[in-house]
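# Tertiary structure, described
One letter stands for each residue in the lines below.
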Amino acid sequence: MSFKRLDPEDFIVSSDSIVSTAWSTGNPTLTAFYTSSAQENSTSGDFYLEVYQVATGSANAAVQFNIAYCDAVGSGSALYNPLINGKSPTSTNYGQYRTMILEDENSTFIFGDGTNSISSSIFWALSVERACYKEAFFPGSLNIKLKGPSGTVSLTDNSTTQNIGTFIGATRVYQLISGSNGTPYDDTGYVTNSGSYGLVFPDLGTILINPYALSQTTGLTPSRTSNSDGLNSRLLYNAISDPLASSFQLNAEETITSDYVFVRARNSEFNYSENPSFISGSTGEVIYDNFINSPQTYITTVGLYNDTNELLAVAKLSRPLLKDFTKESLMRIKLDF
């Protein structure tokens, strides 16, 4: 065994962006949607609706995304306490997204920009399961169809036309528009006097859908009943799963960071061994003369140690590497985290 201290230039860090399908089916487009009656009728069903890729009785069933209706004044769901107005699951949902995204309890969500924008205290939130979207949505891969009483609309993010990164606080955001693959069908993909169809937060795995824009094009309007369940999460689910829609395309993006370590074996290094085949066990002398002037060794393993001589990582070569005074070797070791 031989040791050599590595120099700073022997280390390099590389980051690669990996794009993959988001859904558990392995396909980029989800076309079948299922819910769980047990979940919908449970306490959690008052807040959100879980959507699966197969029937929940299947062993492969896994949550793909959740649908929640959010209302600042608590409409569309039963009150926690009938004596206290405005406090219900929908108001709790609204407050959670406001805290997570706006980071200000006095702010409101604005859909659209410029002269065509609308401030809204209601919206649907579609949250993709963390295991599906991994690190973020891949911009331009979002395509979802919604079917309402008066029409169907295809929605995407505006990543193709948005040349400058836009943020709400520290959170990256795109507008949800009428179009496909990140490109609008018309000038902006907005709805006249109603702003965009919503907001897309790729790093949060969240899509907020603007009911005002959606109602104009599809007739899909949430119920804002007081102190009763308006079934608004189910309403959006029906719009997504309708046979004339049934298409939710999304890819996930993940950054893989790798550390590369370059180990150099120069011609004068690593030519001798402590193996007993080199040295006599009784006298300590080199057994064969050619081991003195023309030794040969085979490198099979590289171990990385810290300054306290603790073994941190081991790299195995695919085959033994012959080493003598006439050869130099460069081994690249990749560490993924």
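The numbers attached to residues start from 1 for each chain and follow its sequence in the written order. For a predicted model such as this one, the threshold for reporting local features is a pLDDT of at least 70, and the threshold for listing and counting side-chain atom pairs is 80 or more; totals across whole chains, interfaces and linings nevertheless cover every residue. In computing side-chain values, all of the structure's heavy atoms are included and hydrogens and water are not.

Our next topic: the overall build of the chain. Numbering of helices and strands runs from the N terminus, with a helix taken as a DSSP run of H or I at least four residues long and a strand as a DSSP run of E at least two residues long. Check the secondary structure of the chain and you find 6 helices and 21 strands. Scaling as 2.2 N^0.38, a compact globule of 337 residues should have a C-alpha radius of gyration of about 20 Å, whereas the chain reaches 30 Å, well beyond that. For the C-alpha atoms alone, the extent of the chain along its principal axes is close to 95 × 45 × 40 Å. Under the scheme applied here, a residue whose accessible area is under 20% of the maximum for its type counts as buried, over 50% as exposed, and between as partly exposed, the area being computed with a 1.4 Å probe on protein chains only. Burial status across the chain gives 42% buried among its 337 residues. The contact definition used throughout considers only heavy atoms, calling two residues in contact when any of these lie within 4.5 Å. When contacts within the chain are restricted to residue pairs at least 6 apart in sequence, long-range pairs at least 24 apart make up 62% of them. Only the protein chains shown count as cover for residues, with accessible areas throughout obtained via the Shrake-Rupley method and a probe of 1.4 Å. Looking at the chain as shown, the accessible area adds up to about 17700 Å², and 50% of this sits on carbon and sulfur atoms. His residues and chain termini do not enter the charge count, which takes Lys and Arg as positive and Asp and Glu as negative. Positions of charges follow a simple convention, taking NZ of Lys, CZ of Arg, CG of Asp or CD of Glu. Charge centroids of the chain, computed over 19 positive and 32 negative side chains, lie 4 Å from each other. The quantity called the radius of gyration is restricted to C-alpha atoms. Its globule counterpart is 2.2 Å times the number of residues to the power 0.38.

Attention now moves to the environment of Thr-25. Looking at the secondary structure, you find Thr-25 in the loop between strand 1 (11-21) and strand 2 (29-30). We classify Thr-25 as partly exposed; its relative accessible area is 37%. C-alpha of Thr-25 to C-alpha of Ala-62: the two residues are 37 residues apart in sequence and 9.8 Å apart in space. Contact partners of Thr-25, with chain neighbours within four places excluded, come to Leu-30 and Gln-53. Contacts described as polar in this section are N or O atom pairs within 3.5 Å, which, within protein, must combine one atom able to donate a hydrogen with one able to accept it, while residues neighboring in sequence count only if both atoms come from side chains. At 3.3 Å, the side chain of Thr-25 and the backbone nitrogen of Asn-27 are in polar contact.

For the rest of this paragraph, the subject is the nonpolar core. Among buried residues, the Ala, Val, Leu, Ile, Met, Phe, Trp, Tyr and Cys ones that are joined through side-chain atoms within 4.5 Å form a nonpolar core. Counting 38 residues, the largest nonpolar core has Phe-65, Leu-146 and Phe-248 as its most contacted members. Sequence-distant contacts of Phe-65, defined by excluding residues within four places in its chain, comprise Trp-23, Leu-30, Phe-33, Leu-49, Glu-50, Val-51, Leu-126, Ser-127, Val-128, Glu-129, Ile-240 and Phe-248. If you look at the next biggest cluster of nonpolar residues, it comprises 14 residues, including Cys-70, Tyr-94, Phe-109 and Leu-199.

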